[in-house]
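One-letter residues, chain by chain:
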Amino acid sequence: MKPIKLIVSAFGPYADRMPEIDFAQFEGKGLFLISGDTGAGKTTLFDAICFALYGETSGIYRDAKRLRSEYAKDETESFVDFYFSHQGRSYHVCRYPSYDRRKRRGEGVITEKEKACFYCEGETPVEGVSNVNAAVKELLRVDVKQFKQIAMIAQGEFDALLNAKTDERTAILRTIFMTEGYQRIEFGLKERRDVSYRKCIHTEQSIVQYLKDAMGEAESDLEEELHLLQKRADESKSAWNVEEFLDVLGRLIETDQESFQKKEAEIREEESILDAKKQALAAARTKHDLLGQIEINTKKLKQAEVYVQDAKLAVENSLKAEPRAEELRKQIHTISGDQEKYEQRDSLISEIKELKKTEALLQEEGRQLGIREEELRSRITELEKMTSELKGKPEELIRIRTVGERLAALQADVRQITDYKVAVYNKKKKTLLEKQKDFANKQDQYHTVSVKRQEAERILDSCRAGILASGLVEGDKCPVCGSRHHPELAVLPEKSVSEEALQALQEQEEETKNAKDRALIAAEKEKTALEAWQEQLKADMLACLKHECSDTENYTGSTPEELFEDLKKLQKELDDRTLKNAREEKNVQTECDRLKHAQDMLSLARGKETEALNAAKEGYLLSRQKNAADLAGKSAVLAALSELPYADWRAAYRALKNARKEAEQIVGMIERAREDQMIAEKRAAEIRAALATLKKTFKEDGEDKIKMDIESIQLEVNEQSEKVEKLRKQRSDIYYRLQTNEDRRANIFALKPVLEKYRRESAVCTRLYNLVKGQTGKGRITLEQYIQAKGFDRIIMAANRRLLPMSDGQYELFRQEDSLGKRSNTFLDLEVLDNFTGHRRPVGNLSGGESFQASLSLALGLSDTVSGDLGGIQMDALFVDEGFGTLDRKSMENAMDILVNLSGTNKLVGIISHREELKESIPQQIRIKKGKNGSRIEVDNGL
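Anyway, here's the lowdown on the structure attached to this text. (Residues numbered from 1 in each chain as written. Predicted model: local features only at pLDDT ≥ 70, side-chain atom pairs only at ≥ 80, totals over all residues. Heavy atoms only, no water.)

## Some remarks on the overall build of the protein
Where we set the bar: Helix numbering and strand numbering both begin at the N terminus, where a helix is a DSSP run of H or I of at least 4 residues and a strand a DSSP run of E of at least 2. Residue contacts follow a heavy-atom distance rule, with two residues in contact if any of their heavy atoms lie within 4.5 Å. Areas reported as accessible are Shrake-Rupley estimates using a 1.4 Å probe. Residue values count occlusion only from the protein chains shown.
Each helix and strand in the protein was counted, giving 18 helices and 18 strands. A separation threshold of at least 6 residues defines the contact pool for the protein, and within that pool the share at least 24 residues apart is 74%. Just so you have it, the protein exposes about 55100 Å², and 51% of that area is on carbon and sulfur atoms.

And the structure:
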């Protein structure tokens with residue numbers, strides 16, 4: 001990635017649209033300087049590039065949400081327009097930050113949301129913040145944090161890349177060397193290992209459960225053996241030997257099968273005895289039942305003889321009605337001959353009656369049509385009046401809904417502040433107090449150690465003077481002041497301090513001082529962050545309180561706490577207004593529904609209903625004319641048929657029907673009487689024969705003897721039934737136990753190969769995962785880190801080519817190779833070799849200037865290495881923000897030589913610095929002029 005052009009507008013300290021910065025004019029020498037007063041906006045140019053690409057600033061102390069220039073006018077838009085090239089193609093990204101501005105119409109503040117658009121020559125533009133972020137990341141193949149480490153050394157972050165830990169550096173190198181595949185292999189193996197292990201455990205648990213479900217015969221040796229095996233399996237939760245499980249279950253099954261067969265034979269034998277006893281009982285009961293039948297049949301015989309006499313009398317009486325039946329037959333013949341005439345007359349009478357009813361209905365229909373016509377006119381008038389009254393309701397509904405949407409948006413902003421931003425503000429206040437307390441503790445520790453060091457120096461100086469004075473005599477020359485006269489010699493103090501103890505106190509003082517300084521920086525950083533968050537929180541709360549939907553006069557708070565109380569009042573007010581607005585919307589919506597219904601009904605009344613009414617009136621007139629003609633014709637025919645004796649066919653038919661019914665009843669009565677006589681005589685003969693047979697059967701056995709036989713046999717049947725039922729229950733218990741054990745044995749047998757398969761798979765996946773994860777030996781390095789280490793060594797070699805000349809041959813960077821076997825992985829951590837002392841030490845122990853040299857060298861080495869790898873990341877630009885203030889003149893000249901040589905290799909290098917030496921040695925400059933109305937940009941191409 002190489003910058004081509006940058007345009008900023010109302011961004012940071014720049015009040016309006018600045019002249020474009022053409023980076024292409026710097027490509028001749030490649031090195032350019034950005035200079036200006038403190039706070040003029042030098043670093044803002046780097047912020048603009050980083051914000052254009054990723055939506056974030058280049059430093060950790062600048063908030064991307066407060067990029068709108070305070071000097072900008074309301075009509076000036078804030079944006080960054082950045083043009084750059086990458087791998088031979090040109091790109092262009094334009095991004096607008098989020099900011100608040102006054103409304104162009106009316107009062108209040110409106111929030112402009114963040115917008116972004118990404119252009120590539122020959123392709124469709126990409127719009128939307130998240131879409132642009134993803135497109136830039138996909139193109140450059142680094143996220144914002146990695147971009148800042150590779151292409152930008154931002155102010156206050158010189159040692160971020162240098163002091164990155166192994167885990168952080170692994171993420172950077174993963175993108176550089178495209179080692180995601182090794183990480184996916186590691187995750188895939190871990191997942192397969194875990195899945196196979198879980199399946200193995202689940203299968204073992206199933207086998208153990210099946211074993212626990214098995215049963216044995218109570219108080220048997222096999223049951224005791226099964227119980228011990230179940231207890232052992234339950235305690236271990238493991239199927240250690242499936243074959244042993246299957247063997248015990250097999251022996252249980254064999255034993256139960258033998259027991260079941262024996263029990264079956266016993267039951268068959270006892271059931272045959274029971275059946276014989278039941279048959280004997282049934283025979284005895286049959287005899288007893290037949291004894292009672294003699295008395296019953298005697299009574300039945302007497303009754304049957306009475307029925308025979310009654311039947312004979314009924315036959316004689318029925319024969320007396322035969323003459324009446326003949327008379328009825330003649331009457332039936334006469335009426336049947338006139339049937340057709342009666343039916344014609346009845347039909348005419350019915351038709352004339354219907355025609356008269358129709359006439360009455362037609363008259364009523366005419367009256368109803370008149371009423372219907374009047375109602376239609378009235379309804380049309382009412383609907384026209386209703387539509388006129390409700391015609392303004394749709395516009396009122398739109399207005400109410402617009403108010404509701406604004407209230408909902410303001411409610412969402414208020415909830416965001418009350419639920420999230422205020423909580424973050426309180427958390428930051430708490431964090432600041434903790435860091436200030438930590439600084440006070442560190443300061444007290446430093447003061448205590450400093451006092452001890454000063455006392456030790458005083459004691460040591462006294463010791464030195466006493467030792468020198470112990471051998472002096474009057475006239476000898478003093479080795480300190482040269483005097484030969486010694487009026488008062490120094491003496492050794494009671495306390496003594498060694499040089500080593502003093503040096504230890506000095507080192508301790510230096511450590512506590514550094515700890516105090518770090519605590520102070522941390523507290524100041526947290527205080528700055530809190531103040532920035534507080535200002536943003538106040539601005540957000542004021543924006544809500546001054547919203548057009550709020551009553552500004554009711555809210556007068558100024559501090560965050562007062563504003564928060566006002567905001568809670570506003571939230572309650574918004575809830576009430578929202579509820580009221582919803583009720584109004586519901587009422588107006590009901591009115592709009594009424595208007596729509598009235599319009600539909602009016603259209604229907606004027607159209608289809610009016611047409612239907614006219615058609616009904618025409619049909620009514622035609623129907624009345626036809627009905628009158630039919631009535632006159634049928635009345636004439638009816639007058640000719642008036643001589644028949646009966647009033648109508650229905651009366652004649654009733655007479656005919658009654659005659660037929662009476663004749664049929666007489667004939668049926670005679671036939672039934674004769675049939676009843678035959679049945680009664682046959683039944684009496686059957687009862688006489690049965691009674692004679694029963695009396696012959698019980699000549700010898702009496703009733704008392706039969707009852708005694710029944711009671712004796714019943715007792716024997718009951719005892720045998722209990723015996724058979726007991727045997728059946730024992731057989732059922734054996735069968736249930738046998739079925740359970742066979743089912744569990746089959747389940748365990750089926751799961752045996754499954755368990756073996758999962759155990760093999762789990763063992764293989766575990767070995768492979770431990771190998772890839774680096775857990776097979778003493779080392780704790782993953783396969784991915786091992787691959788990255790080889791590429792990282794090349795980066796370090798390239799960095800040392802810069803660091804050695806920059807540090808006059810004193811320092812070289814090395815990767816920690818003695819970290820294998822430690823609990824924490826530091827395989828990709830860095831250490832520095834001091835060639836002057838021959839010792840290695842952590843890079844965190846370097847001074848500020850030395851850290852800058854090492855960071856700059858590592859960034860250059862990283863850029864050189866990845867740019868030379870095909871398919872890797874190409875960065876043709878490097879930005880250095882400050883940092884040169886920590887270098888002495890010699891170190892700065894060495895760093896400049898490196899950067900000048902680097903810029904000659906088709907790489908663009910930009911530097912921010914206040915150093916006059918850089919202003920004199922770098923002719924290509926971007927100068928920032930700070931003024932009362934914002935800063936201005938001047939570009940000098942050095943010609």
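## Looking at the pattern of salt bridges
Under the convention used in this document: Think of a salt bridge as a Lys or Arg side-chain nitrogen and an Asp or Glu carboxyl oxygen that are within 4 Å of each other.
For the structure on display, the rule yields 49 salt bridges. The shortest N-O distance in the salt bridge between Glu585 and Arg401 comes to 3.1 Å. Of this pair, Glu585 sits in helix α12 (residues 560-639) while Arg401 sits in helix α10 (residues 393-469); the two residues are 184 residues apart in sequence, bridging distant segments of the chain. A salt bridge links Lys513 to Asp517; the shortest N-O distance between them is 3.2 Å.

## Quick word on the pairing of strand β1 (residues 2-11)
Here is the rule: For the exposure calls, accessible area comes from a 1.4 Å probe over protein chains only, and a residue counts as buried if that area is under 20% of its type's maximum, exposed if over 50%, partly exposed in between. Two strands are counted as paired when DSSP detects at least two bridges linking them.
Within β1, eight of the 10 residues are buried, which leaves the element mostly enclosed by the surrounding structure. As paired elements, β1 and strand β3 (residues 21-22) share two bridges and run antiparallel to each other. What sits directly across from Lys5, in β3, is Asp22. By the bridge criterion, two bridges tie β1 to strand β2 (residues 14-17) in an arrangement that is antiparallel. Considered in β2, the bridge of Ser9 is made with Arg17. Hairpin connection of β1 to β2: two residues between the antiparallel strands, including Gly12 at a positive phi of 65°.

## So, the sheet that holds strand β14 (residues 839-842)
Consider a sheet: its strands pair through backbone hydrogen bonds, and that pairing is either parallel or antiparallel. Rule in force here: Structural elements are reduced to axes, namely lines fitted to C-alpha atoms, with helices fitted over the stretch in contact, and the angle between N-to-C directions of any two is expressed from 0 to 180 degrees.
Across the sheet, which stays open at both edges, the three strands sit in the order β12-β13-β14 with antiparallel pairing between neighbours. If you trace the sheet from one side to the other, it starts and ends with β12 (811-815) and β14, each paired once. The mean inter-strand angle of the sheet, taken between neighbouring strand axes irrespective of direction, is 35°. Here four bridges tie strand β13 (residues 830-834) to β14, and the two strands are oriented antiparallel to one another.

## Looking at the nonpolar core
Put simply, the test is: In these notes, a set of buried Ala, Val, Leu, Ile, Met, Phe, Trp, Tyr and Cys residues joined through side-chain atoms within 4.5 Å is what counts as a nonpolar core.
In this structure, Leu6, Leu53 and Leu813 are the most contacted members of the largest nonpolar core, which totals 70 residues. Among residues more than four places away in sequence, those in contact with Leu53 are Met1, Phe82, Phe84, Val93, Arg95, Asn133, Val136, Leu140 and Phe147. With 20 residues, the next largest nonpolar core counts Cys200, Leu222, Ile748 and Leu755 among its residues.

## Structural notes on the packing of aromatic side chains
Rule in force here: Any two of the Phe, Tyr and Trp rings considered here, Trp counted by its six-membered ring, make a pair once their centres fall within 6.5 Å; the pair's planes then place it as stacked at under 30 degrees, edge-to-face at over 60, or tilted in between.
Taken as a whole, this structure holds nine aromatic pairs when the rule is applied. Their ring planes at 75° and their centres at 6.5 Å tell us that Phe23 and Phe26 sit as a pair that is edge-to-face. In this pair, the class of Phe23 matches that of Phe26, namely buried. Consider the rings of Phe260 and Tyr735, whose centres lie 5.8 Å apart with planes at 40°: the pair is tilted. You can see Phe260 sitting in helix α7 (residues 242-318) and its partner Tyr735 sitting in helix α14 (residues 703-773), a full 475 residues away along the chain. According to the relative accessible area criterion, Tyr735 is partly exposed, its value standing at 43%. Within the aromatic cluster, the residues linked to one another by ring pairs are Phe82, Phe84, Tyr91 and Phe118.

## Here's the deal with the environment of Lys930
Just so we agree on the cut-off: Here a polar contact is taken to be a pair of N or O atoms separated by no more than 3.5 Å, where protein atoms must pair a possible hydrogen donor with a possible acceptor and residues adjacent in sequence count only if both atoms sit in side chains.
With respect to the secondary-structure elements, Lys930 resides in strand β17 (residues 925-931). Taking the C-alpha atoms as reference points, Lys930 and Gly41, separated by 889 residues in sequence, lie 8.1 Å from one another. For Lys930, the residues in contact, after removing those within four places along its chain, are Asp37, Thr38, Gly39, Ala40 and Ser935. For Lys930, the side chain forms a polar contact with the main-chain oxygen of Thr38, separated by 3.4 Å.

## Describing helix α6 (residues 221-236)
In an α-helix there are 3.6 residues to a turn, and that puts residues three or four apart on one side. The following threshold applies: Expected helix span is computed as 1.5 Å times (number of residues minus one). Directions are taken from the helix axis to each C-beta atom, and the arc is the one they span.
Under the 1.5 Å per step criterion, the end-to-end length of α6 is 23 Å for 16 residues, consistent within 8% with the ideal 22 Å. Along α6, the residues that are buried comprise Leu222, Leu226, Leu229, Gln230 and Ala233. The buried residues of α6 occupy an angular sector of 100° when projected down its axis, which confines them to one face. Facing away from the buried side of α6 by more than 90 degrees, the exposed set consists of Asp221 and Glu235.

## Observations concerning helix α5 (residues 180-213)
With 34 residues, α5 extends 49 Å from end C-alpha to end C-alpha; this agrees with the ideal 50 Å at 1.5 Å per step. Among the residues of α5, Gln183, Glu186, Leu189, Arg193, Ser196, Cys200, Thr203, Glu204, Ser206, Ile207, Val208 and Leu211 are the ones counted as buried.

## Topic: the side chain of Asn741
Structurally, Asn741 can be placed in helix α14. For Asn741, a relative accessible area of 0% corresponds to the buried category. In this structure the side chain of Asn741 is engaged in a polar contact, spanning 2.7 Å, whose partner is the backbone oxygen of Met215. For Asn741, the residues in contact, after removing those within four places along its chain, are Ala214, Met215, Leu252, Ile253 and Asp256.

## What about the environment of Leu139?
Its location among the elements puts Leu139 in helix α2 (residues 129-140). Put simply, Leu139 and Gln87 are 52 residues apart on the chain and 9.9 Å apart in space, counted from C-alpha to C-alpha. Ignoring sequence-local partners within four residues, the contact set of Leu139 consists of Phe84, His86, Tyr91 and Phe118.

## Looking at the environment of Glu850
Along the chain, Glu850 falls in helix α16 (residues 848-868). Put simply, Glu850 and Ser807 are 43 residues apart on the chain and 8.0 Å apart in space, counted from C-alpha to C-alpha. Setting aside chain neighbours within four positions, we find Glu850 in contact with Tyr811 and Arg841. For Glu850, the side chain forms a polar contact with the side chain of Tyr811, separated by 2.5 Å.

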